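Take a look at the letters that make up each chain.
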Amino acid sequence: MMRARVPLLLLGILFLASLSASFATSLREEEESQDNPFYFNSDNSWNTLFKNQYGHIRVLQRFDQQSKRLQNLEDYRLVEFRSKPETLLLPQQADAELLLVVRSGSAILVLVKPDDRREYFFLTSDNPIFSDHQKIPAGTIFYLVNPDPKEDLRIIQLAMPVNNPQIHDFFLSSTEAQQSYLQEFSKHILEASFNSKFEEINRVLFAEEGQQEGVIVNIDSEQIEELSKHAKSSSRKSLSKQDNTIGNEFGNLTERTDNSLNVLISSMEMKEGALFVPHYYSKAIVILVVNEGEAHVELVGPKGNKETLEYESYRAELSKDDVFVIPAAYPVAIKATSNVNFTGFGINANNNNRNLLAGKTDNVISSIGRALDGKDVLGLTFSGSGEEVMKLINKQSGSYFVDGHHHQQEQQKGSHQQEQQKGRKGAFVY
C-alpha cells in the first residue's frame, strides 16, 4: 500500500507545481500587458463590429477588462463610426444611451419616435470652437446620413449601456451581413402581428433578393436633399451652451457639461511643441481620443494597483485613434509632438474642477502661497522657502498651454540629479 501511495503523491506534487508555474506565468503576462493600464493603442484596442466598402463600426475594448484601476468605467464604452460620402446607416436602436460627437465631416441624424414623430439634426465638425454633438436616448430608433458628396464622416460615441457592459445594436433590416431581429419571432407571432401570411411577410421584409450588402449603404442625392431640408430647419443642440473655453497661441480647450448624464465633453487643439502644463481634475475621469496628430503624455499615479505613498509615471506616445484615460486627481501633462487635436469625455463631471500645478492662472500651488500663512506652508512642503517657491512659480507667465521647448536643455541637465534623488531611501518614486 505504501509503494502505491508514493507515485500518487509524486504525481500530485508535480501537478500542483505545474499549476503554480502556469498561474505565475499568466500573472506575469497580465502584469506585462498592463505596464500602462491607461493607454489604449489604436492598432489592437478597437474591435470591428461591421465593415464594408461604405464604412465601418467598431468598439473599444472594455475599460475594466484592460485594468482593475478602470473598473469605475465598466458602464461606459467608446464606439467609432465612419462612412463614405453619400451613405446611410440603416435604422437601428441600441440598449444604451449614446452621446455622439462629430470628429470630421457632417451628418444628418434622424430620431424616430412613436406616433409618426421624428426629430432631424444637422451635425458638423466645421464649428471652429466645438464640434456638434447629440444625445440619443436608449432604445430610440435612429438613422444617420453622410450628406457630403466628397468628405468622409467620422463620429465618436460615448455609450452608456442600460443592460450590461456589452452594447447591442438591433437592426430592423436583413442584409448580407446580418438578419433582421424581427426574423427571430415565430411564424404565428409574425402572422398575427402583421395580419398577413408568412410568405408575404418574408417576401417584403426578409427576402434575400434585393437585400443590401450591409448596414451602411449608398443613398442618392435626391433623398439626401429632402432630408437636408428637414434637418436644417430643425437643427438644434441638446446640451447647454454654457461652454468653458480657454486658449492662447499654443492651444485651446473648450468644455461643455451635460448635467443630466453627468458627462463632460471637451475639444482640445494644440500646436506642435506646445505643453499643457501639469494639472488634474477633481472628480472627472477623462477619456481622451486622438482625432489627428501626435502627442506625448505623462500621467502620475500610485505605484502598482495598491494603496501606497509611492508614485510612478505612466507615459505614452499618442497618435490618431489612440485613447488615454486620466483618472480623477491623477496629475497629467500633455506635449504636442505635432499639431494635434483631441475629443474628450469626462465621467462624473458635475461639480468637477480643473486644478493646475504650474502656470499663472488657476495654479493651486500659488493659491497656497497667497493664503494666510501660505508661504510658511509652502516652506514646510518643499525644500526651498515659501518665497523661493513663489518666485519659481511666478517665472511662468503663461497659462494652461505654454512653450514646451522652454528650458528643455536645463531640464535635461537636471535629469541626472533627479534620478539620483529617486534612489534615496524613503523618497517617493515618480
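Here, residues in each chain are numbered from 1, in the same order as that chain's written sequence. The model is predicted, so local features are restricted to residues of pLDDT at least 70 and side-chain atom pairs to those at 80 or more, both for listing and for counting; the totals for chains, interfaces and linings are taken over all residues. Note that the side-chain values use all heavy atoms of the structure and ignore hydrogens as well as water.

You'll find the protein entered in an unreviewed UniProt entry as Alpha-phaseolin, with Phaseolus vulgaris given as the organism. UniProt, in the comment section headed Sequence similarities (unreviewed entry), describes the protein in these words: "Belongs to the 7S seed storage protein family." UniProt positions are given in the numbering used here, feature names are shortened, and annotations may be inferred rather than shown by experiment.

Caption draft 1: Local environment of the overall build of the protein. Runs of E in the DSSP output that reach at least two residues are strands. Runs of H or I that reach at least four are helices, and both are numbered from the N terminus. Summing up its helical and strand segments, the protein has 9 helices and 25 strands in all. A burial count over the protein gives 43% of its 430 residues as buried. Note on definitions: a residue-residue contact is assigned when non-hydrogen atoms from the two residues lie within 4.5 Å. Taking the intrachain contacts of the protein between residues at least 6 apart in sequence as the baseline, contacts between residues at least 24 apart amount to 74%. Residue exposure (1.4 Å probe, protein chains only): buried if accessible area is under 20% of the type maximum, exposed if over 50%, otherwise partly exposed.

Caption draft 2: Just the sheet that holds strand 23 (residues 340-347), in detail. Read from one edge to the other, the open sheet built from 7 strands follows the order 1-21-18-23-16-15-14, with strand pairing classed as antiparallel. Taken across any chain shown, the strands that pair with only one partner, and hence form the sheet edges, are strand 1 (39-40) and strand 14 (244-248). A strand pair is defined by DSSP finding two or more bridges across the two strands.

Caption draft 3: Geometry of the pattern of salt bridges. By convention in these notes, a salt bridge is any Lys or Arg side-chain nitrogen within 4 Å of a carboxyl oxygen on Asp or Glu. Going through the model one piece at a time under the given rule, you end up with 16 salt bridges. Of the charged contacts in the structure, one is a salt bridge between Glu 80 and Arg 82, with a shortest N-O distance of 2.8 Å. Summarising the burial analysis for this pair, Glu 80 and Arg 82 share the class buried. Notably, a salt bridge pairs Arg 118 with Asp 116, separated by 2.8 Å at the nearest N-O pair. Using a relative accessible area of 40% as the deciding quantity, one classes Arg 118 as partly exposed. Each member of the salt-bridge network shares a partner with another, and the members are Arg 58, Glu 80, Arg 82, Arg 103, Arg 154, Glu 292, Lys 320 and Asp 321.

Caption draft 4: Looking closely at the packing of helix 3 (residues 187-194) against helix 4 (residues 198-206). In this analysis, axes come from line fits to C-alpha atoms, helices being fitted only over the stretch in contact, and the angle between any two N-to-C directions falls in the range 0 to 180 degrees. At their nearest, the axes of helix 3 and helix 4 sit 9 Å apart, and the two run at 85° to each other. Our classification of the angle between helix 3 and helix 4 gives roughly perpendicular. Across from Lys 187, Leu 190, Glu 191 and Phe 194 in helix 3, the residues of helix 4 making contact are Phe 198, Glu 199, Ile 201, Leu 205 and Phe 206. The nonpolar class holds Ala, Val, Leu, Ile, Met, Phe, Trp, Tyr, Cys and Pro. Asp, Glu, Lys and Arg form the charged class, and all remaining residues, Gly among them, are polar. Looking at side-chain class alone, the contact of helix 3 with helix 4 contains 6 nonpolar, no polar and 3 charged residues. Angle categories are assigned with fixed cut-offs, so that under 35 degrees is roughly parallel, over 145 is roughly antiparallel, 65 to 115 is roughly perpendicular, and the rest are oblique.

Caption draft 5: Local environment of empty space enclosed by the protein. Both site types are read off a 1 Å grid over the protein atoms alone. A 1.4 Å probe that fits but cannot get out defines a cavity, while an open set with protein on both sides within 12 Å along at least five of seven lines defines a pocket; lining residues have an atom within 4 Å of a point. Grid points are joined across faces, edges and corners, and a volume is the space filled by probe spheres set on the points. Evaluation of the coordinates by the stated rule reveals 1 cavity of 30 Å³ or more. Lining the largest cavity we find Leu 253, Glu 255, Ser 266, Met 268, Phe 276, His 279, Tyr 281, Val 286, Leu 288, Ile 326 and Ile 334. Contributions of two or more residues to the lining of the largest cavity are made by strand 15 (251-258), strand 16 (263-270), strand 17 (274-281) and strand 18 (285-292).

Caption draft 6: Representation of a nonpolar patch on the surface. Two distance rules govern patches: like charges are joined within 9 Å, and nonpolar side chains (Val, Leu, Ile, Met, Phe, Trp, Tyr) within 5 Å, applied only to residues with over 30% relative accessible area and no salt bridge. Accessible surface area values rest on a Shrake-Rupley calculation with a 1.4 Å probe, where residue burial reflects the displayed protein chains alone. On the surface, Phe 194, Val 204 and Leu 205 cluster together into a nonpolar patch covering about 260 Å² of accessible area. Assignment of secondary structure puts Phe 194 in helix 3. Given a relative accessible area of 41%, Phe 194 falls into the partly exposed group.

Caption draft 7: Inspection of the environment of Gln 134 at higher detail. With respect to the helices and strands, Gln 134 occurs in strand 9 (residues 133-136). Taking C-alpha positions, Gln 134 is 9.6 Å from Gln 157, a pair spaced 23 residues apart along the chain.

Caption draft 8: Up close: the sheet that holds strand 11 (residues 153-161). Strands sit in the order 2-3-4-11-6-9 across an open sheet of 6 strands; the sheet is antiparallel. What marks the edges here is a single partner per strand, and that holds for strand 2 (46-52) and strand 9. Geometrically, the sheet is characterised by an average inter-axis angle of 20° between neighbouring strands, direction not taken into account. Where strand 3 (residues 55-60) and strand 4 (residues 77-83) come together, 5 bridges link them in antiparallel fashion. Each bridged residue has a counterpart across the sheet, and for Ile 57 the counterpart in strand 4 is Phe 81.

Caption draft 9: Local environment of the confidence of the model for the protein. Per-residue confidence for the protein averages 84 on the pLDDT scale, and 83% of its residues sit at or above 70. Note on residues 234-241: pLDDT under 50 across the span, and 18 contacts to partners over four residues away in sequence or across chains. pLDDT runs from 0 to 100 and stands for how confident the predictor is about each residue.

Caption draft 10: Quick look at the nonpolar core. The set of buried Ala, Val, Leu, Ile, Met, Phe, Trp, Tyr and Cys residues whose side-chain atoms join them within 4.5 Å is what this entry labels a nonpolar core. In this structure, Phe 63, Leu 78, Leu 158, Met 270, Phe 324, Ile 334 and Phe 342 are the most contacted members of the largest nonpolar core, which totals 55 residues. No other element matches strand 18, which puts 6 residues into this core. By convention here, the domain bounds are inherited from an automatic or database domain assignment. The two domains that each donate at least three residues to this core are domain 1 (39-173 + 212-236) and domain 2 (244-408). Once residues lying within four places of it in the same chain are set aside, the contact partners of Phe 342 are Ser 266, Ser 267, Met 268, Met 270, Leu 288, Val 289, Val 290, Asn 291, Ala 295, Leu 318 and Ile 334.

Caption draft 11: Fine view of a negative patch on the surface. A cluster of acidic side chains, namely Asp 220, Glu 222, Glu 225 and Glu 226, defines a negative patch on the protein surface. By the secondary structure assignment, Glu 226 is in helix 5 (residues 221-234). We treat Lys and Arg as the positive residues and Asp and Glu as the negative residues; His and chain ends play no part in the count. A single reference atom marks each charge: NZ on Lys, CZ on Arg, CG on Asp, CD on Glu.

Caption draft 12: View of unusual backbone geometry. Phi at Asp 115 is positive, roughly 60°, even though this residue is not glycine. For Asp 115, a relative accessible area of 70% corresponds to the exposed category. Residue Tyr 400 is not a glycine yet carries a positive backbone phi of 65°. Positionally, Tyr 400 belongs in the loop between helix 8 (386-394) and strand 25 (401-403).

Caption draft 13: Representation of the environment of Lys 395. You can see Lys 395 is positioned in the loop between helix 8 and strand 25. Of the residues examined, Lys 395 reaches a relative accessible area of 62% and is grouped as exposed. Spatially, the C-alpha atoms of Lys 395 and Lys 360 are 8.7 Å apart, while their sequence positions differ by 35 residues.

Caption draft 14: The arrangement of helix 8 in detail. Within the sequence span of helix 8, burial applies to Gly 386, Val 389, Met 390 and Ile 393. Down the axis of helix 8, the sector holding all buried residues measures 95°, keeping them to one side. The outward face of helix 8, more than 90 degrees from its buried face, is lined by the exposed residues Glu 388, Lys 391 and Leu 392. Picture the helix axis, draw a direction to every C-beta atom, and the arc is the one those directions span.

Caption draft 15: Representation of the side chain of Thr 124 within the structure. Take Thr 124: it is sitting in strand 8 (residues 117-124). Setting aside anything within four residues of it in sequence, one finds Thr 124 in contact with Val 102, Gly 105, Ser 106, Ser 131 and Asp 132.

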